[in-house]
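# Report on the structure
Here are the chains, one letter per residue:
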Amino acid sequence: MAERRVRVRFAPSPTGALHIGGVRTALYNYLFARRHGGDFVFRIEDTDSLRFVPGAEEYIIESFRWLGLKFDEGVTFGGEHGPYRQSERREIYKEYVEKLLANDKAYIAFDTPEELECKRNEIPNFQYDARTRMQMRNSLTLSKEETDQLIEDGEQYVVRFKIDPGEEVHVNDMIRGDVMIKSDILDDKVLYKSADELPTYHLANIVDDHLMEITHVIRGEEWLPSAPLHVLLYRAFGWEATMPQFAHLPLLLKPEGKGKLSKRDGDRLGFPVFPLEWKDPKTGEISTGFRESGYFPEAVINFLALLGWNPGTDQELFSLDELVAAFDITRCSKAGAKFDFQKGIWFNHEYILRKSDDEIARLFAPIVANNGVDETLERVTQVVSMMKDRVNFVKELWPLCSFFFIPPTEYDEKTVKKRWKPDSAKVMSELAEVLESVQDFTVEGQEHVVLAWVEQQGYKLGDVMNAFRLALVGIGKGPGMFDISAFLGKEETLKRLHKAIDTLK
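Residues numbered from 1 in each chain as written. Predicted model: local features only at pLDDT ≥ 70, side-chain atom pairs only at ≥ 80, totals over all residues. Heavy atoms only, no water.

## Some words on the packing of aromatic side chains
Test applied: Aromatic rings from Phe, Tyr and Trp, with only the six-membered ring used for Trp, were paired whenever their centres fell within 6.5 Å, and each pair was classed as stacked if the ring planes differed by under 30 degrees, edge-to-face if by over 60, and tilted otherwise. Burial here depends on accessible area, computed with a 1.4 Å probe over protein chains only, as a share of the maximum for the residue type. Under 20% is buried, over 50% is exposed, and the range in between is partly exposed. Only when the NZ atom of a Lys or the CZ atom of an Arg is both within 6 Å of the ring centre and within 35 degrees of the ring normal do we say a charge sits over the ring.
According to the stated counting rule, one finds 31 aromatic pairs in the structure shown. Where Phe237 meets Trp239, the ring centres are 4.3 Å apart and the plane angle is 15 degrees; that geometry is what we call stacked. Both residues of the pair, Phe237 and Trp239, belong to the buried class. Grouping aromatic residues by their ring pairs yields a cluster made of Phe10, Tyr30, Phe40, Phe42, Phe64, Phe71 and Phe77. Above the ring of Phe487, the side-chain terminus of Arg379 is found at 3.8 Å from the ring centroid.

## Section: the UniProt feature "short sequence motif: 'HIGH' region" (unreviewed entry) in the protein chain
Applicable threshold: UniProt positions are given in the numbering used here, feature names are shortened, and annotations may be inferred rather than shown by experiment. In DSSP terms, a helix is any run of H or I states spanning at least four residues, a strand is any run of E spanning at least two, and both are numbered starting from the N terminus.
Under the local residue numbering, the UniProt record ascribes the feature "short sequence motif: 'HIGH' region" (unreviewed entry) to residues 12-22. Annotation note: span residues 12-22, helix share 27%, strand share 0%, distance between end C-alpha atoms 8 Å.

## Some thoughts on the domain arrangement of the protein chain
Note: interface size is frequently given as the accessible area lost on complex formation between the parts. How we decide: Start and end points for every domain follow an automatic or database-based domain assignment.
On domain assignment, one finds that the protein chain holds domain 1 (87-249), domain 2 (263-352), domain 3 (355-404) and domain 4 (413-504). When each unit is reduced to the centre of its C-alpha atoms, the spacing between domain 2 and domain 4 is 44 Å.

## Here we look at the sheet that holds strand β8 (residues 190-193)
Sheet strands pair via backbone hydrogen bonds, and the direction of the pair is either parallel or antiparallel. Our working definition: At least two DSSP bridges between two strands are required for those strands to pair.
The 4 strands are arranged β4-β5-β8-β9 in an open sheet whose pairing can be described as antiparallel. On the outer flanks of this sheet lie β4 (106-109) and β9 (198-199), each paired with one strand and no other. Pairing analysis gives 3 bridges linking strand β5 (residues 158-161) to β8, with the strands arranged antiparallel. Looking at the pairing, Val158 lines up with Lys193 of β8.

## Focus: the packing of helix α12 (residues 357-370) against helix α13 (residues 377-387)
Packed helix pairs are characterised by how far apart their axes lie and by the angle those axes make with each other. The test is simple: Interaxial angle, 0 to 180 degrees, is taken between N-to-C directions of lines fitted to C-alpha atoms, where a helix line uses only the stretch in contact. Every angle not falling under 35 degrees, over 145, or within 65 to 115 is termed oblique; those three ranges are roughly parallel, roughly antiparallel and roughly perpendicular. Take the far helix as your reference; a near helix turned counterclockwise from it by less than a right angle gives a left-handed crossing, and one turned clockwise gives a right-handed crossing. Any two residues having at least one pair of non-hydrogen atoms within 4.5 Å are treated as being in contact. Basically, the charged four are Asp, Glu, Lys and Arg, the nonpolar ten are Ala, Val, Leu, Ile, Met, Phe, Trp, Tyr, Cys and Pro, and anything else, Gly included, counts as polar.
Two elements in contact, α12 and α13, have axes separated by 8 Å at closest approach and are oriented at 110 degrees. Comparing their axes, α13 and α12 come out roughly perpendicular. Viewed along their axes, α12 and α13 form a crossing whose handedness is right-handed. Packed against α12, whose contacting residues are Asp357, Asp358, Ile360, Ala361, Arg362, Phe364, Ala365 and Val368, the element α13 presents Leu377, Val380, Thr381, Val384 and Ser385 at the interface. Here the contact of α12 with α13 is composed, by residue class, of 8 nonpolar, 2 polar and 3 charged.

## Remarks on the UniProt feature "binding site: ATP" (unreviewed entry) in the protein chain
UniProt annotation of "binding site: ATP" (unreviewed entry) refers to Lys263 when read in the numbering used here. Every residue in contact with Lys263, bar those within four places of it in the chain, is listed here: Val273, Phe274, Glu285 and Ser287.

## With respect to the layout of surface pockets
Heads up, the condition is: Cavity means a closed set of points on a 1 Å grid over the protein atoms alone, one where a 1.4 Å probe fits but cannot get out, pocket means an open set with protein on both sides within 12 Å along at least 5 of 7 lines, and lining means a residue has an atom within 4 Å of a point. Grid points are joined across faces, edges and corners, and a volume is the space filled by probe spheres set on the points.
In this structure, the largest pocket occupies an estimated 1200 Å³ of space. When contributions to the lining of the largest pocket are tallied by element, the ones reaching two or more residues are β1 (7-10), α1 (20-35), α6 (201-211) and β10 (216-220). No other element matches α1, which puts 5 residues into the lining of the largest pocket. Taken together, the residues of the lining of the largest pocket sort by class into 16 nonpolar, 15 polar and 13 charged. When residues of the lining of the largest pocket are assigned to domains, at least three fall in each of domain 1 (87-249) and domain 2 (263-352). Of the voids in this model, the second largest pocket is the one considered here, and its volume is about 340 Å³. As for the second largest pocket, its lining consists of 16 residues, and the residues nearest its centre are Asp111, Pro113, Leu116, Tyr157 and Val158. Within the residue set of the lining of the second largest pocket, elements represented by two or more residues are α4 (113-122), β5 and β8.

## With respect to helix α9 (residues 297-305)
Among the 9 residues that make up α9, 8 are buried, leaving the element largely enclosed by the rest of the structure. For α9, the set of buried residues is Pro297, Ala299, Val300, Ile301, Asn302, Phe303, Leu304 and Ala305. Elements that come into contact with the buried residues of α9 comprise α1, α2 (56-67), α10 (320-326) and α11 (341-354).

This is the structure we're talking about:
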């Protein structure tokens, strides 16, 4: 048999914002598909109509657009295996429900919620399975005539999968190896509900994966318990030859303590858990996203890729193409990965350093303009080149760099006490005269003249430079003093010097 083309899918439910754990699952699917020259399919699993949230589908699509992960086919992208939205595939699922019923692989159950609750109270740890199904109200205990009549009368029912006891069900997992579960512990799962004429996740998932020719199912660890059921469903349909290979990814864990990463952890510790900002349509609550927090999409991708996967080298910074080339799913961990959000911040800092001064300046320029400063992009770029290594996010530049554009209106009290000496006003007046005489006001031109004057006068260089910085910046921070004064120019430098002398005395 010819080797099948690799096809993976990401199939979220539109029930709210996309959790960052879901983004990582999608990323690993994308990397696997690209690594093997395959297809990345986008499917929407919206069979649970009660949990549908307006706007969630559009939010998910926009998230991947921002992240730069491109689907080959699916909802909004088209393709030959559509429709890709499960709510549009009702008739397809009904056909496969009928096949299971006709082959005695499933049965119709009429048990009401009250009857099920009664049985749970009667039997400890009740499970609807081979041991209890003959005590219930279903097509196995009712005659065909009774069953047909109940359906004709409009009584609501479900279709349950008929699981035979005494089997060892093996799941060949690419990360966890052979996983074996005995069929005795599985219950007869509901596959279809007449109430909304829609299948449950289990049936829709299997039918879609088969018809869409999915070869590998890469999903979160939380779905591992359902894998044996899915294997049995493939067998029931006679699809063993096209059964996909499974890979169940480790959980993303809290940064501290035990348990799965949640939105509450982000709220408590001050980091996002969603790719984009999300406004809950029911409560109006707004949750921040990585994009709105100032992260670069490349940094988020790089950060997530290494949460649960190890490239086998010390390399930490990867472009998306480099991740594709290095990705080996067998190098995924079985254990959960702690969500070290501080490492995510570190990645963003590294990507600021990687990007050109021009690129960062184009992002910073609107912030400068929003603070009432009309400045050229060339000048903004000069500031960025001096200061970008000091920040983790572009938005942090303004508090550090505002003095380049706006002269200080006050002087930091602690710095004044520490740096403005009794003779500082006199020394700064002299420095102003020296700078007035400098023809070449570049860094080199100033430095040569000023350092010679300091030495000639016998002043302490540190005292002079600290007072000079306070006068120009208003606080003891910033890059080299001659870098600042060269950027400001002679006129602005002297203006600030004289103001500080007059103000501080």
